[in-house]
Each structure stands twice: as C-alpha cells, then as structure tokens.
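One letter stands for each residue in the lines below.
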Amino acid sequence: MRLVMAVAAALTLAAGAVPATAAERPGPPGTEGVWSTDGYGTVLVLGGGALREYQTTSLSCVRGDTARRTGPGTYTTAAGTVLTVRTTSDPDRARLTADTSTGRRRLTRLPALPAACARPAATDPRTSFDILWQTFEENYPFFAQKGVDWHAVRDRYRPQVHRDTTGDQLFEIFSRMLRPLYDAHVVLRYGDRVLSEIRPGTARPTPELDARTKEFVVARDLRHASGRRDFGAGRITYADLRGDLGYLRLSGFGGYTGEEAPHAAERAVLDGALDAVLTRDRTRRLRGLIIDLRVNDGGSDTLGIRIAERLTRTPYTAYAKRARNHPADPARHTRPEPVRVVPARAPRYGGPVAVLTGGSTVSAGETFTQALLDRPGRTVRIGQPTQGVFSDVLVRHLPGGILFALPNEEYLTRTGRTFDGAGIPPQLAEPVFTEEEFAKNRDSAFDRAVRLLARRR
C-alpha cells in the first residue's frame, strides 16, 4: 500500500454508499449471507447487491465500508478495488481476494449477523478509546519488537478519557499512544489532522524527494545512457547503460495513470511499460539489470509480483503471508499462505539483478524486494535497509469520527523470518541520497551496482 496516500484514500471510502438495510438482507444460497474472516476482525454481509463490512473486536462491532455488487460474487469498492468471494467445496467456507493484494482471506459462514453488530455502537469517547486499544491488542503483531507495553499504555491513557473529551483531545491522546510504534502503516485521522510516523533516521518518500532524486539520477547516473523512457506518469523510468546493462527505476507500485484509477488500469499501464522495456532483443542482450527502489512509496503488492514474473524463467515462492487470528494470544496466526511467482507468458529477463534500496523504500516496495530474495538467478541488494512495513492495513472507523489504520500481517521468508521494523538489510551497504552524496555528486550505491554487474559478465 502506498505510504499515507493510499491509507488516507482508504480512510475516506464511502461507508454509506449502499443503504444498510439492503446490505444486511441475505440473498439466496451461494456466496450471499453472513461471513466471518479468519483473523482480520471482520464480519461481512453479502446480499441486496452489496457487500457490507462490520469491524469487530471481542467487545465491539462497528459498521465499516460498503462495496457494490458488480458480478456473481464480485464487488467493487468506492476506491475501485475489486473484491471476489468464492465458496469452496464446503458451501460454508469461502475465500475473499482483492485485486490489489496478494493472498486470500478465509471465510466461515455464520447463521446470522452477531447481536453486537445489530445494535448501534455507543458513541462516547471512552468507547472509542476501548475500541482502538482492543483493535491493536487483538491484531497488531509487533509490540514486542517495538518495545511497547500495550497494557501499560492503556493504564496510562485510559484515565485521561472522559465523557466530555473532545475529538481533538482524543486525537492527541491516541497520537501519544501510537507515535512510539514508529510504524508507517499505523495511521490516525480526524478531520484534516493525520498522524503517521516513520522509522527514525529515515526519510518519507514524498513527491518532492522523488523529484529531487530522480533529477539527480538522470543528470549524473544516466548522463551517458541511451533510450531513456518514462512510463506510468513518470513513476517508471528505464534506460540502457554502457556495457549492456539496464536501469529500471520504480518510484511506486501504482499511480501510473496520473489519477485515481481501478487496479486493472494500473496493471495495463505497467504491462505496457514492461513490454516496451523487456523486449525479446533486450532480454537476450542484457548482461545485468539495476532496479532502483530507493525512493518508492509502495502501492499494490500484486503489481510487484507482476514485475517479478518478468524476471524469472523458473517458478518460485516470493513469500508467505499470515495474520494474527486470536484476540488474546499474539503467537496464534492464520495458516501461512505461499505467494507464488510464475514466469510470465512474455519476454523475460533471468540474468543478474542489483536491487538498490533505502529507508525510503516502503511497503509494496519492500514486498517486491522480498519477492526477489529467492529469485532464481543472481540477485544482490545494495544500499541501506528498507523502511520495515509490509502488511496490508486494516482500516477502522470509530463512533466519534476518528479513523485509524494498522497492520496485522507478517510476510515470511522460506525460513520463517520477517523484516518488520528493521527492514530488509542490504548485502552491500552504501550511503543512499545523503546530503554529502548530493554535495559531492556521488551515488555510491549506483556505482557499486555498475561495478559489480560489469564484473559478472
């Protein structure tokens, strides 16, 4: 998910796009009815031409967003994300997929909407506090590695919330609670106020940083390159370097149309760019490829997998996903689901790759980096550790109008390791876009990649 931008967009979905009464009227047998997710704290009601979300904890149920039915078992959100629900051989079991996300969520049919979801939620400030605290308590996987005692946080801050606590005051209390996590996928929003923290010592991948670093790279690193082309509203850049090397810069996994657009449109732009870059002639000629992710604000994991499918001639597993699924036991998770990379039916490049990363490599930029760890073929990471946020985010509504988002998933390597918090480390450490590098017109990571790939010819 693109850092802050996509989270903020998700936080503004039209929750009332379909009347609640229509969304809650179960339809005929099939996918329609009431479903609970394994993990993710969600109950879904499918029927009356809509999918209605209910956001649950062990003590609360709050109405969430609505998606309209656009086909059998298919629903489209206000942001254009396509959700698909399919039953298994057991009609009381189903799978939910989103076209922007890898993996599937397991669903179990319920006989009826839980009683807590059928009555209006209390709207007082302390109820909002309890829902936010409990949502993190049941879903957030990283308290231990962040060094945060979440129960001590509750004991400290809950007494500060009273019946007359205003929305602004509650936002400030929540901000003090969440800021120490320094988790870019933890977002808090109230009106125009937004809290989003990144790992200390790193830079947020803003449009300004993207523009500055791209201008620097074009002027310095690509000054002798040929055939430089931009795609996807400038978020994808390719150039041929001397010595039969290639350079591919990706500043995000989305935003390719220059405006909010359905995932299918973003995928089409990416496919067109890959077809133009990875031609049959070029894939035969290239002796090495530099993939520059040093300023990458994330986006759709599925677009990252789509690129990985053009960089291998052999199927392999990118990573496995799991989510917390027990309210009281942080060691309990859903069954890890492998995400596969299957070679595309198009020209592919399977030679040496150097991946440039840094602290401004965020979210889908990181899951793409992780998807290349076990890539068949020589792959090396150069630069600095990535930001350290991988999970899709849960977007939650509070009765008082505050919205928040949090991660609940872990992306596992084949040995069961995760990189949340610290980020994916480079194999070869080099400074990344420091002020000293700019002042001395140096790009140590890029130069190291060129030297390394040139030796591997």
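Residues numbered from 1 in each chain as written. Predicted model: local features only at pLDDT ≥ 70, side-chain atom pairs only at ≥ 80, totals over all residues. Heavy atoms only, no water.

A separate point is the state of the cysteines. One pass over the full model with this rule turns up 1 disulfide. Between the sulfur atoms of cysteine 61 and its disulfide partner cysteine 117 the distance amounts to 2.0 Å. Taking the sign of the S-S torsion, about 105° here, the bridge from cysteine 61 to cysteine 117 comes out right-handed. Note that cysteine 61 is positioned in strand 4 (residues 60-71) and cysteine 117 in the loop between strand 8 (105-110) and helix 3 (125-139), a separation of 56 residues in sequence. Accessibility assignment for this pair places cysteine 61 and cysteine 117 in one class, buried. (Disulfide = S-S within 2.5 Å. Helix = DSSP H or I, 4+ residues; strand = E, 2+ residues; numbered from the N terminus. Buried < 20%, exposed > 50% of the residue type's maximum accessible area, 1.4 Å probe, protein only.)

In a soluble, globular protein the nonpolar side chains are often hidden away together inside. Formed by 37 residues in total, the largest nonpolar core has its most connected members in Leu250, Phe253, Ile291 and Phe368. With residues up to four places along the chain from it excluded, the contact list for phenylalanine 253 reads Arg235, Leu293, Asn296, Gly298, Gly299, Ser300, Leu303, Gly304, Ile307, Ala364, Gly365 and Phe368. Grouped together as the second largest cluster of nonpolar side chains are 31 residues, Leu132, Tyr140, Val148 and Leu398 included. (Core = buried A, V, L, I, M, F, W, Y, C linked by side-chain atoms within 4.5 Å. Contact = heavy atoms within 4.5 Å.)

This next bit is on the packing of helix 3 against helix 6 (residues 167-178). Where helix 3 contacts helix 6, the two axes come as close as 11 Å, and the packing angle between them is 20°. Here helix 3 is positioned roughly parallel relative to helix 6, judged by the angle of their axes. In this structure, the crossing between helix 3 and helix 6 has a hand that is right-handed. Taking contact as the criterion, the partners of Pro125, Ser128, Phe129, Leu132, Trp133 and Phe136 in helix 3 are, on helix 6, Leu170, Ile173, Phe174, Met177 and Leu178. Across the contact of helix 3 with helix 6, the residue classes break down as 10 nonpolar, 1 polar and no charged. (Axes fitted to C-alpha atoms, helices over the stretch in contact; angles between N-to-C directions. Parallel < 35°, antiparallel > 145°, perpendicular 65-115°, else oblique. Left-handed = near helix turned anticlockwise from the far one by under 90°. Nonpolar A, V, L, I, M, F, W, Y, C, P; charged D, E, K, R; others polar.)

Let us look at the UniProt feature "domain: Tail specific protease" (unreviewed entry) in the protein. The UniProt record annotates "domain: Tail specific protease" (unreviewed entry) at residues 214-431. The span residues 214-431 shows a helical share of 20% and a strand share of 28%, and its end C-alpha atoms are spaced 16 Å apart. (UniProt positions renumbered as here; feature names shortened; annotations may be inferred.)

Two pairing modes exist for strands in a sheet, parallel and antiparallel, and in both the strands are linked by backbone hydrogen bonds. Spatial strand order, 11-12-13-14-17-18-22: 7 strands in an open sheet with mixed pairing. Of all strands in the sheet, those bounded by a partner on one side alone are strand 11 (226-231) and strand 22 (428-429). Note that strand 11 and strand 12 (residues 236-241) share 4 bridges and pair antiparallel. When the bridges of strand 12 are listed, aspartate 230 appears paired with threonine 237. Of the strands in this sheet, strand 11, strand 12, strand 13 (245-250) and strand 14 (288-292) touch helix 7 (residues 207-220), which is tilted by about 165° from strand 13. (Pairing = 2+ DSSP bridges.)

On to the packing of aromatic side chains, then. Enumeration according to the criterion identifies 15 aromatic pairs in this entry. Judged by centre distance (6.2 Å) and plane angle (5°), the rings of tryptophan 133 and tryptophan 150 are stacked. Of this pair, tryptophan 133 sits in helix 3 while tryptophan 150 is found in helix 5 (residues 150-157), placing the two residues 17 residues apart along the sequence. For tryptophan 133, a relative accessible area of 4% corresponds to the buried category. Through successive ring pairs, a cluster of aromatic residues spans Trp133, Phe136, Tyr140, Phe142, Phe143, Trp150 and Phe404. Across from the ring centre of tryptophan 133, 4.4 Å away, lies the NZ or CZ of arginine 154, which sits over that ring. For arginine 212, the ring lying beneath its charged end belongs to phenylalanine 438, and the centroid distance is 4.0 Å. (Phe/Tyr/Trp six-rings, centres within 6.5 Å; stacked < 30°, edge-to-face > 60°. Lys NZ or Arg CZ within 6 Å of the ring centre and 35° of its normal.)

Quick look at the environment of lysine 321 now. Its location among the elements puts lysine 321 in strand 15 (residues 316-323). Placed 35 residues apart in sequence, lysine 321 and leucine 286 show a C-alpha to C-alpha distance of 33 Å. Apart from the residues within four sequence positions on either side, lysine 321 is in contact with Ser101, Thr102, Arg335, Pro336, Glu337, Val339, Asp392, Glu409, Glu410 and Tyr411. A polar atom in the side chain of lysine 321 sits 2.7 Å from the backbone oxygen of threonine 102. (Polar contact = N/O pair within 3.5 Å; in protein donor to acceptor, adjacent residues only side chain to side chain.)

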